[in-house]
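# Breakdown of the fold
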Amino acid sequence: MTQDEMKQAVARAARDYVAVNLPAGGILGVGTGSTANFFIDELAAIKGQLGGTVASSEATKKRLEGHGIRVLDLNDVDAMGIYVDGADEIDHGLSMVKGGGGALTREKIVAAVAKTFVCICDASKRVPVMGKFPLPVEVIPMARAYVARELGKLGGTPKLREGFVTDNGNLILDVHGLSISAPAELEARINQIVGVVTNGLFAQRGADLLLLATPDGVQRYQR
C-alpha cells in the first residue's frame, strides 16, 4: 500500500468509528492536514447523521462546507462527542506532536472540548521517542526573538516558519533537534514562556484512541 492508500484506509476506519459511536445529531470535531482531508471526504457518506461539525482551521471549514456538511462555531457548542485528527508524530503513550499544518492552537482547543480524541495516521508517524519532526510553537509576533532564545535554552534549534501566518494572525517557530522523553512536562514548560500561544505537544490531552494505518490493515490502540 502507498502512503495515500493507507491514509484512505484509516480515514474510512475513522468514518466507521464515528458512525457507530457518535449519537445521531451529535457534534464532531474535525482536524487539519492531509489525513484529515481524506477523513472529511469520507464524512460525506454519513453527513446526515451529524448535528454539525467544528473545524480546527479555515481550510478544514472550507472543505467540510464543500461537502455540504454543517460547520458550527465552537462557542455555540456545549458538548462534543468525538474529535478526529491526524498527527505528525505519536508515541506509544499516545502523546503527539501536531502543527505541521499550522493549526495547532485551534486543534488543541477543539481537542480540549471533545469527550473522545481519535488520532488517525499511518505507521510512519508512530515513534518510540518524539522530536525528529520539528516541534511547532505558535508565538505572538512581537515575542518571536525572545521566545526563540528561550526555546534554545531547552536544547532545540528554533527556526521561523517563513512566509506563514496562522489563522490567529501569529507566527510559528519550528524547534529542531529535540528528543522528547517527557512530553507532558515539556509541553507545560514551553507554554510558560511569555509570548507563546501554545505548542504542538498534545500530551496533557493526548489521544484516547489511535487508528493506525499499516500495510497489513488498520490497527487500534487505546490509552
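Right above here is the structure, for reference.
Report follows, based on the coordinates.

Rules behind the numbers
- Residues numbered from 1 in each chain as written.
- Predicted model: local features only at pLDDT ≥ 70, side-chain atom pairs only at ≥ 80, totals over all residues.
- Heavy atoms only, no water.
- 1 Å grid on protein atoms, 1.4 Å probe; cavity = no way out; pocket = protein on both sides within 12 Å on 5 of 7 lines; lining within 4 Å.
- Points joined across faces, edges and corners; volume = space filled by probe spheres on them.
- Helix = DSSP H or I, 4+ residues; strand = E, 2+ residues; numbered from the N terminus.
- Nonpolar A, V, L, I, M, F, W, Y, C, P; charged D, E, K, R; others polar.
- Buried < 20%, exposed > 50% of the residue type's maximum accessible area, 1.4 Å probe, protein only.
- Phe/Tyr/Trp six-rings, centres within 6.5 Å; stacked < 30°, edge-to-face > 60°.
- Lys NZ or Arg CZ within 6 Å of the ring centre and 35° of its normal.

## Section: the layout of surface pockets
Taken as a whole, the largest pocket encloses approximately 280 Å³ of empty space. In this structure, the largest pocket is lined by 14 residues; those nearest its centre are Val 54, Ala 55, Asp 73, Leu 74 and Arg 106. Of all the secondary structure elements, the ones that give two or more residues to the lining of the largest pocket are β2 (52-55), α3 (58-66) and α4 (104-113). The element contributing the most residues to the lining of the largest pocket is α4, with three residues. Residue composition of the lining of the largest pocket, grouped by class: seven nonpolar, three polar and four charged. Forming the boundary of the second largest pocket are 16 residues, of which Thr 32, Gly 33, Ser 34, Ala 87 and Asp 88 lie nearest the centre. Contributions of two or more residues to the lining of the second largest pocket are made by α2 (34-43) and β6 (114-122). For the lining of the second largest pocket, the element with the highest residue contribution is α2, accounting for three residues. Residue classes in the lining of the second largest pocket are distributed as four nonpolar, eight polar and four charged.

## Regarding α2
Of all the ten residues making up α2, seven are buried; the element is thus mostly covered by neighbouring parts of the structure. Turning to α2, its buried residues number three or more, namely Thr 35, Ala 36, Phe 38, Phe 39, Ile 40, Glu 42 and Leu 43.

## Side note on the packing of aromatic side chains
Applying the stated criterion across every chain, the model contains two aromatic pairs. Plain terms: the ring middles of Tyr 83 and Phe 117 are 5.0 Å apart, the flat faces sit at 50° to each other, and that makes the pair tilted. Of the two residues, Tyr 83 sits in strand β3 (residues 80-85) while Phe 117 sits in strand β6, which places them 34 residues apart along the sequence. Between Phe 117 and Phe 202 the ring centres are 6.4 Å apart and the planes differ by 75°, which places this aromatic pair in the edge-to-face class. On the criterion of sequence distance, the pair formed by Phe 117 in strand β6 and Phe 202 in strand β11 (residues 201-202) is long-range, its members being 85 residues apart. You can call Phe 117 buried: its relative accessible area is 0%. For Phe 202, a relative accessible area of 1% translates into the label buried. Among the aromatic side chains, those forming a connected cluster through ring pairs are Tyr 83, Phe 117 and Phe 202. One cation-aromatic arrangement involves Lys 98 over Phe 202; the distance from NZ or CZ to the ring centre is 5.4 Å. Over the ring of Phe 202 we find Lys 108, and its NZ or CZ is 5.0 Å from the ring centre.

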